[in-house]
Amino acid sequence: MDELTKKKRIRAGHRGSATKIVSKIKEKLTNYNSECETDKNALKQLRDTLKDKIEALKNLDAMIIELLSDSKDEDAEEELAKEIEESDDIIADMQKVIRDISDVTNEAIVQSATVTDDTTLNSSLSSETKKIIRAKLPKLEVKKFGDKLQEWQEFWDSFDSAVNQNEGLADVNKFAYLRSLLIEPARSAISGFALTSAHQL
């Protein structure tokens, strides 16, 4: 078994485990009782476990991306882009579940605060803990860049906004995205750089 296949199998196991954790969290969130300490502790434990799983998956994703970037297969570039997109979507879904836990916890704070007689506390808490609405936006397409210098600034601004400033992405993933969005001759300008986290953008 080659190294890439091995890493993908390990990652599949972690993804399966993460899916079960997410299901447990969703079940706990559905039946959540803000006054039950056991519910709070269970959610915190599941949240921490999911955070650890996200880190493990990010590390495996980085290794897989590095192996793919070294591949000489003709479809490696397309597979690399697909791999990055799929990994980012899965991580984003898990991070949303973690935010959902925070949202429920914040709601619990507001509910318990409204029971008190301190109206100042009520108004300050409710204004600070308003629920954030997160809309599902269409996927952002960043155009590839090749050799037209007049298109560089537009490319970089799009890339910087969509990828480079995304704190949820590891540096190695950002660099892999950059490589996947460059076409000749721009791609050859960075071809000597290894796909590692040492290359910060």
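About the cut-offs
Residues numbered from 1 in each chain as written. Predicted model: local features only at pLDDT ≥ 70, side-chain atom pairs only at ≥ 80, totals over all residues. Heavy atoms only, no water. Phe/Tyr/Trp six-rings, centres within 6.5 Å; stacked < 30°, edge-to-face > 60°. Helix = DSSP H or I, 4+ residues; strand = E, 2+ residues; numbered from the N terminus. Buried < 20%, exposed > 50% of the residue type's maximum accessible area, 1.4 Å probe, protein only. Core = buried A, V, L, I, M, F, W, Y, C linked by side-chain atoms within 4.5 Å. Domains from an automatic or database assignment. Salt bridge = Lys/Arg side-chain N within 4 Å of Asp/Glu carboxyl O. Polar contact = N/O pair within 3.5 Å; in protein donor to acceptor, adjacent residues only side chain to side chain.

Caption draft 1: Spotlight on the packing of aromatic side chains. This structure, assessed with the given rule, holds six aromatic pairs. Seen from their ring centres, Phe155 and Phe159 are 6.0 Å apart, and the 20 degrees between their planes marks the pair as stacked. Of this pair, Phe155 and Phe159 both sit in helix α5 (residues 152–164), four residues apart, which is roughly one turn of that helix. Phe159 shares its class with Phe155; the two are buried. Chaining the aromatic ring pairs together yields one cluster made of Phe145, Trp152, Phe155, Trp156 and Phe159.

Caption draft 2: Seen up close, the nonpolar core. With 20 residues, the main nonpolar core has Ile84, Phe155, Phe159, Tyr177, Leu178 and Leu182 as its most contacted residues. For this core, the elements supplying multiple residues, two or more each, are α2 (37–69), α3 (76–115), α5 and α6 (171–181). By residue number, the principal contributor to this core is α6, which donates five residues. There are two domains that each give this core at least three residues, and those are domain 1 (1–112) and domain 2 (137–200). In terms of nonpolar packing, the next biggest core, distinct from the first, is built from 17 residues, Leu29, Leu46, Ile98 and Ile101 among them.

Caption draft 3: Just the environment of Ile98, in detail. Checked against the element boundaries, Ile98 lands in helix α3. A relative accessible area of 13% places Ile98 in the buried class. Sequence spacing of Ile98 and Val22 is 76 residues, and the spatial spacing of their C-alpha atoms is 9.1 Å.

Caption draft 4: Region of the structure containing the pattern of salt bridges. Here the structure, examined in full by the defined rule, presents eight salt bridges. Between Lys96 and Asp100 there is a salt bridge whose closest N-O contact spans 3.0 Å. Of this pair, Lys96 and Asp100 are both found in helix α3, four residues apart, which corresponds to roughly one turn of the helix. Each of Arg11, Arg15, Asp61, Glu83 and Glu86 takes part in salt bridges that share partners, so that together they form one network.

Caption draft 5: Quick look at the environment of Glu184. Relative to the assigned elements, Glu184 resides in the loop between α6 and α7 (186–189). Separated by 39 residues in the primary sequence, Glu184 and Phe145 have C-alpha atoms spaced 8.3 Å apart. A polar side-chain atom of Glu184 sits 3.2 Å from a polar atom in the side chain of Ser188.

That's the geometry; what it means functionally is another story.
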